[in-house]
Amino acid sequence: RRGDVKTHQAEPSARVIRLFPDRRYGFLEDDEIGEVYFHANSVANGAFDELEIGSTVHYLAEPGEKGQQATVVKPVGKAHTPISAQSKRVRGDHE
């Protein structure tokens, strides 16, 4: 109809808090809902390898087996993170 304004709900924002590059997944921290799991396949444009601890992303999520799971993750810019935060990048089977 004319005169109706279509509104779009903004995608939530989160920060990358843990990455497991060898296993191709990680976790986001959303201030409102907590931790959100994501798999490399959900990262737009194959940008999983460009993510760093502290990276800001927009995402869409749905309930998964163990909590919220991101279905789409879109990096929005590189965060300037201290070296100590970068050391949280995990290699291997630690969880």
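Residues numbered from 1 in each chain as written. Predicted model: local features only at pLDDT ≥ 70, side-chain atom pairs only at ≥ 80, totals over all residues. Heavy atoms only, no water.

Draft legend 1. Quick look at the confidence of the model for the chain. Per-residue pLDDT for the chain has a mean of 82; in total, 71% of the residues score no lower than 70. Low pLDDT, under 50, characterises residues 79–88; the stretch is placed with nine contacts to residues that sit more than four places away or in other chains. (pLDDT = per-residue confidence, 0-100. Contact = heavy atoms within 4.5 Å.)

Draft legend 2. The arrangement of the pattern of salt bridges in detail. Summed over all chains, the structure comprises four salt bridges. Between K74 and E11 there is a salt bridge, with the nearest N and O atoms lying 3.0 Å from each other. Placement of K74 in strand β5 (residues 67–77) and of E11 in the segment before β1 (13–20) is noted, with a sequence separation of 63 residues between them. A salt bridge links R18 to E35; the shortest N-O distance between them is 3.2 Å. Here R18 is found in strand β1, whereas its partner E35 is found in strand β3 (residues 34–39), with 17 residues between them in sequence. (Salt bridge = Lys/Arg side-chain N within 4 Å of Asp/Glu carboxyl O. Helix = DSSP H or I, 4+ residues; strand = E, 2+ residues; numbered from the N terminus.)

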